[in-house]
Amino acid sequence: MGSVPSTPRRGGAYSPETAEYLIGTFVGDTPFPLSSEFWQKLLELPLNVQWSTQRVQQACELLAKNNCHTRHLAKILFHLACCLQEYMSSSGALPLVYEKAFNAVYISSIFLKHLIESVHGENIQLYLSLEDNEDVQKDVLRDQTIKNLVMRNVLSFIASVEVSPDTFLLHLELLNFMIIGMSTQLLCGPSPGPNDVNPFLDAAMAQDSSLVGAVVCRLLLNFMARSNVPSNRATYSILYDGNQSSVLQRVGSAAANIVLFPFSYLVSSSGEESKSPIADISIHVLLVLVHYHKCLVSEDYANHKSSTSDSLLKENPHFSDNPYCKALEHAIDCELDRVDIEGNAHSARHIKLPFASLFDTLGICLADEAAVLLLYSLLQGNSAFLEYVLVRTDLDALLMPILEALYNAPSRTANQIYMLLIILLILSQDSSFNASIHKLILTGVPWYKERLFHQTSLGSLMVIILIRTVQYNLSKLRDVYLQTTCLATLANMAPHVHRLSAYASQRLVSLFDMLSRKYNKLAERRDNKLHIAKGNSVEGNNLVEDMSTELHIYTDFLRLVLEIINAILTYALPRNPEVVYAIMHRQEVFQPFKNHPRFNELIDNIYTVLDFFNSRMDAQREDGDWSVHEVLQVIIVNCRSWRGDGMKMFTQLRFTYEQESHPEEFFIPYVWQLVLSHCGFSFNTGAINLFPVDLQTEVCI
């Protein structure tokens, strides 16, 4: 079925003509059967011929045109699966097999990416099946499809073959291949639907649970190991004899016109060299797998394909189980010999991870959004890891990077801020966490520029940063959900506050003052508009309604801040003299709300405290002004005799985090935005339907 030029034995030289012929034949219109020598010659070809980007694009377009007839993409994927299987079976002893596997995944990735991002409309057709007359390899395929076979072997290689200097680049290209294969999600809408086509993702989900668990474990171990790029890529065994340029040398080249332009995974989104590309891409692959949701066709939807059934499916979608998500949720600490509630050892379905190493690695990587999302996924889904984090005595290792990121909120994305705040909310649900952070004393906070902190507690710093985030949100983002999350975390912490610092106490009272001023301005504007709108203007009435809604939101915020202050005064006053001092110092800010029906009971409690301490101050008042130290000493002494007489007890607030009813609508687009910003290669922005894309901005590195 077409001739193949003879090629020299290994050690000889491949001519550029031979390379061009073989690649041209691969993308051409003549189909070559799986048993043809053509495939071995193509995969043994050192891809060192320089082509322009335009010629590479032309080659991709030719394959896209001819693939439905030749099925060459399916065939090279089949050979990739066979090469990986042979390599794993031979324990990595055959350099030529490694080289062929590398070339197969490399060529497959280039052309597969083009086919995916060139899809027009909703019809994703990659022609991943073989022709009926391809029966020579049926014993290998058995009852599997090409996509299932290749994903099984790719995942098996990733899970079972150690990352070493000799396997580093093949691991990297296989992980790149997975990102590309799974990028069909970019063509889908923001909400998973029953007509979405994700062949490689679905194939990954169909693997045995033991392989799934091994893959999740390996990807996390890659993240923790943070292996560096081998320093001398030209010394490995797949080098050709003589001066021939090898695949590894090609990968290290900065030239943009190398044939099949290698993915620039050696640079990060900032343009700086990534120290651990394996760790970065491993976590991206894991996040895509863990957050994938396959929407199944319900019986009602299948029988009634109408706009009504589409609406019902949107309201009550049915998703298949995600085995990678379950594997992550059931991971346990390998250092503990845990026993379940029935007294039996954990079953094999539980993967074992070094939680200590995972905790430490997350702590040093939280400047990266992907690491933040991984931490969220673990805390939200894995109760064993959450319990482990809560008993760590060095919580500052995890919290300080989170607080620093929130401190630098203007340079963070809104999604990252959400994730960081939700992480703090999840942690604050535990009373022991709220108590322990106030016992951990920090010697300094070098990244906080506005003031110096000496011997402040981690809890006080957390209060300061949360209040700062509230203020930033009010001035910039104006997001109700973000605001509520901040205040909910502070409310969870309030009953357990211990020796809150002077600055944190001042910021808390200042927060109430700021919200009250905004509330008063809104109320005044609303009343003015209400007076104007009496002329029965529809537009005026709508404006008044909008302002009333905003005023109601600020009323809730004010009440929540008052409840936070009340919780400290009710449950923790004796050990928080600085809070008492801050309230006494700014007591006039509470006066306008004494008769407000939503606030009066809470304000009454504050005035019960004020009356108690003001009377003690009056009893000891002397001529002349009091210093701050003298006032504070009186407060400290009288805190010991405080019994809470006259205080109204309110139910202790406790906020918990619950995912939205359709979390996939947020997490799937978010994961892919992270992947595209770090993966090292561009994707056709015109083909992306998963999230809105500013076509003026390139979504790539």
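In case you missed it, the structure is sitting above this.
These numbers come from a predicted model, not from an experiment. Residue positions within a chain follow its written sequence, with the count starting from 1. It should be noted that, the model being predicted, local features are given only for residues of pLDDT at least 70 and side-chain atom pairs only at 80 or more, the latter also being counted only at that level, while totals for whole chains, interfaces and linings use all residues. Derived side-chain values reflect all non-hydrogen atoms in the structure, with water molecules and hydrogen atoms excluded from consideration.

K.L.:
Which parts of the structure should I look at to understand the overall build of the chain?
P.N.:
When its secondary structure is counted, the chain shows 29 helices and 6 strands. Residue contacts are counted whenever heavy atoms from the two residues lie within 4.5 Å of one another. Sequence separation of 24 or more characterises 76% of the internal contacts of the chain that already satisfy a separation of 6 or more. Residue burial considers only the protein chains on display, and all accessible areas are found by Shrake-Rupley using a 1.4 Å probe. Total accessible area on the chain stands at roughly 31,300 Å², and carbon and sulfur atoms take up 49% of it. What counts as a helix is a DSSP run of H or I of at least four residues, what counts as a strand is a run of E of at least two, and both are numbered from the N terminus.

K.L.:
Help me understand the pattern of salt bridges, please; the structure alone is not making it clear to me.
P.N.:
Working definition: two side chains of opposite charge can pair if their charged atoms are close together. We count a salt bridge whenever a side-chain nitrogen from Lys or Arg sits within 4 Å of a carboxyl oxygen from Asp or Glu. If you walk through the whole model with that rule in mind, you get 16 salt bridges. Between glutamate 20 and arginine 55 there is a salt bridge, and its shortest N-O distance comes to 3.0 Å. Here glutamate 20, found in helix α1 (residues 16-27), pairs with arginine 55, found in helix α3 (residues 53-70); they are 35 residues apart in sequence, far enough to count as distant. The rule is simple: take the accessible area with a 1.4 Å probe, protein chains only, and divide by the maximum for that residue type; under 20% is buried, over 50% is exposed, in between is partly exposed. Owing to a relative accessible area of 35%, arginine 55 belongs among the partly exposed residues under this scheme. The shortest N-O distance in the salt bridge between arginine 586 and aspartate 513 comes to 2.7 Å. Of this pair, arginine 586 sits in the loop between α26 (577-585) and α27 (600-619) while aspartate 513 sits in helix α24 (residues 502-532), and the two are 73 residues apart along the sequence. The exposure class of aspartate 513 is buried, given its relative accessible area of 14%. A single salt-bridge network, built from bridges that share partners, covers Asp513, Arg517, Arg586 and Glu588.

K.L.:
Quick question: what am I supposed to make of the packing of aromatic side chains here?
P.N.:
Remark: the centre distance and the inter-plane angle together describe each pair of aromatic rings, the angle taken between the planes. Classification of ring pairs uses Phe, Tyr and Trp, with its six-membered ring standing for Trp, and accepts pairs whose centres are within 6.5 Å; under 30 degrees between planes counts as stacked, over 60 as edge-to-face, and the remaining range as tilted. For the coordinates displayed, the defined rule picks out 31 aromatic pairs. Between phenylalanine 177 and phenylalanine 200, the ring centres sit 5.9 Å apart and the planes meet at 80 degrees, which makes this aromatic pair edge-to-face. Residue phenylalanine 177 is located in helix α8 (residues 168-182), and its partner phenylalanine 200 is located in helix α9 (residues 199-205); the two are separated by 23 residues in the primary sequence. Relative to phenylalanine 385, the ring of phenylalanine 355 has its centre 5.2 Å away and its plane inclined at 90 degrees; by these criteria the two rings are edge-to-face.

K.L.:
Help me understand the packing of helix α16 (residues 355-365) against helix α18 (residues 383-391), please; the structure alone is not making it clear to me.
P.N.:
Working convention: axes come from line fits to C-alpha atoms, limited for helices to the stretch in contact. Angles between N-to-C directions cover 0 to 180 degrees. Contact geometry of α16 with α18 gives a least axis separation of 11 Å together with a crossing angle of 70 degrees. With respect to α18, the element α16 is oriented roughly perpendicular. Of α18, the residues touching α16 (which contributes Phe355, Ala356, Leu358, Phe359 and Leu362) are Ala384, Phe385, Tyr388 and Val389. Here the angle decides the label: under 35 degrees means roughly parallel, over 145 means roughly antiparallel, 65 to 115 means roughly perpendicular, and every other value means oblique.

K.L.:
Would you explain the environment of lysine 113 in this entry?
P.N.:
Turning to its location among the elements, lysine 113 is positioned in helix α5 (residues 95-117). In this structure, the C-alpha to C-alpha distance between lysine 113 and phenylalanine 177, residues 64 residues apart in sequence, is 8.8 Å. Two N or O atoms count as a polar contact when they lie within 3.5 Å, although within protein this holds only if one can serve as hydrogen donor and the other as acceptor, and sequence-adjacent residues are included solely when both atoms are side-chain atoms. There is a polar contact of 2.9 Å between the side chain of lysine 113 and the backbone oxygen of serine 682.

K.L.:
Would you take a moment to explain helix α22 (residues 458-477) for this structure?
P.N.:
Given 3.6 residues per turn, any residue in an α-helix points the same way as the ones three and four places further on. Of all 20 residues in α22, 16 are buried; the element is thus mostly enclosed. Arginine 478, located one to two residues past α22, shows a positive phi value of around 55 degrees.

K.L.:
Can you help me understand helix α28 (residues 628-639) in this one?
P.N.:
End to end, α28 covers 16 Å across 12 residues, agreeing with the expected 16 Å (1.5 Å per residue, within 8%). Along α28, the positions that sit buried rather than exposed are Val631, Leu632, Val634, Ile635, Asn638 and Cys639. Seen from one end, α28 has its buried residues packed into an arc of 155 degrees, which puts them on one side. Helix span is expected to be 1.5 Å times the residue number reduced by one. Starting at the helix axis, one direction is taken to each C-beta atom, and the arc is that of these directions.

K.L.:
So what exactly am I meant to see when it comes to the packing of helix α4 (residues 72-89) against helix α7 (residues 146-160) here?
P.N.:
Two packed helices can be described by the angle between their axes and the distance between those axes. Two elements in contact, α4 and α7, have axes whose closest approach is 9 Å; the angle formed by their N-to-C orientations is 35 degrees. Both α4 and α7 take part in a crossing whose hand is left-handed. Here α4 contributes Ala74, Leu77, Phe78, Leu80, Ala81, Cys82, Leu84, Gln85, Tyr87 and Met88 to the contact with α7, which in turn contributes Ile146, Leu149, Val150, Arg152, Asn153, Val154, Ser156, Phe157 and Ser160. Of the residues in the contact of α4 with α7, the class split is 14 nonpolar, 4 polar and 1 charged. Crossings are sorted by hand: turned counterclockwise from the far helix by less than a right angle, the near helix makes the crossing left-handed, and turned clockwise it makes it right-handed. Put simply, Ala, Val, Leu, Ile, Met, Phe, Trp, Tyr, Cys and Pro go in the nonpolar bin, Asp, Glu, Lys and Arg in the charged bin, and everything else, Gly too, in the polar bin.

K.L.:
What should I look at first to understand the side chain of asparagine 198 in this one?
P.N.:
Inspection of the secondary structure assignment puts asparagine 198 in the loop between α8 and α9. On the basis of relative accessible area, asparagine 198 is assigned to the buried category, the value being 3%. Of the polar contacts made by the side chain of asparagine 198, one reaches the backbone nitrogen of glutamine 185; its length is 3.1 Å. For asparagine 198, the residues in contact, after removing those within four places along its chain, are Thr184, Gln185, Cys188 and Tyr292.

So far we have only geometry, and geometry alone does not tell us how the molecule works.
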